[in-house]
Amino acid sequence: MQPGSQCRPTFEEPCACWIVAGGAHHTPFSQLGSTERGKDLSAIADIERVTVDAKTIARHLQQTLSNKEVYHATNTGWGIYSD
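Residues numbered from 1 in each chain as written. Predicted model: local features only at pLDDT ≥ 70, side-chain atom pairs only at ≥ 80, totals over all residues. Heavy atoms only, no water.

> Can you walk me through the confidence of the model for the chain in this structure?
Close reading of the predicted structure is inappropriate where its pLDDT is low. Across the chain, the average pLDDT comes to 77, with 72% of residues at or above 70. Mean pLDDT in the chain bottoms out at helix α1 (residues 12–20), which sits at 83, and peaks at helix α2 (residues 35–45), which reaches 87. (pLDDT = per-residue confidence, 0-100. Helix = DSSP H or I, 4+ residues; strand = E, 2+ residues; numbered from the N terminus.)

> For this particular structure, what's the right way to read the side chain of S42?
Here S42 shows up in helix α2. Excluding residues within four positions of it along the chain, S42 makes contact with I47 and R49. (Contact = heavy atoms within 4.5 Å.)

> Honestly, the state of the cysteines in this entry has me stumped. Any pointers?
As used here, a disulfide is simply a covalent bond connecting the sulfur atoms of two cysteines. Taken as a whole, this structure holds zero disulfides when the rule is applied. Sulfur of C17: no disulfide; nearest cysteine sulfur belongs to C15 and is 9.2 Å away. Overall, C17 belongs to the buried group, its relative accessible area being 0%. (Disulfide = S-S within 2.5 Å. Buried < 20%, exposed > 50% of the residue type's maximum accessible area, 1.4 Å probe, protein only.)

> Even after reading the chapter, I still don't get unusual backbone geometry, so can you show me in this structure?
Generally, phi is negative for residues other than glycine and the peptide bonds are trans, each holding for most cases. One non-glycine residue, D46, lies in positive phi territory at about 55°. Relative to the helices and strands, D46 resides in the loop between α2 and α3 (58–75). Taking the relative accessible area as the measure of exposure, D46 reaches 73% and is therefore exposed.

> Please clarify how the packing of α1 against α3 should be interpreted in this entry.
Between two packed helices, what matters for the description is the angle formed by their axes and the separation of those axes. Between α1 and α3, the shortest axis-to-axis distance is 9 Å and the interhelical angle comes to 15°. By the angle between their directions, the pair α1 and α3 is classed as roughly parallel. In this structure, α1 meets α3 at a crossing whose hand is right-handed. Listed contacts from α3 to E13, A16, C17 and V20 of α1 are A58, L61, Q62 and L65. (Axes fitted to C-alpha atoms, helices over the stretch in contact; angles between N-to-C directions. Parallel < 35°, antiparallel > 145°, perpendicular 65-115°, else oblique. Left-handed = near helix turned anticlockwise from the far one by under 90°.)

So, in structure tokens, the structure goes:
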């Protein structure tokens, strides 16, 4: 970070988002490449991706992740498998 620059959004907001998204559980961080490259790689590998940027708000992220979890669970049988 350059002298005089500020964290965007605040330092607290991305930390809260990081915790909401699972904390250190499977957390990669990269300053190489672009967000678009990361999105493309996630789509190719069929991996869920959460991007925390200047527009991310923790409570909205938490709601989005909850909605995705319910959607995934209802479309896969809530993890209950029968033979």
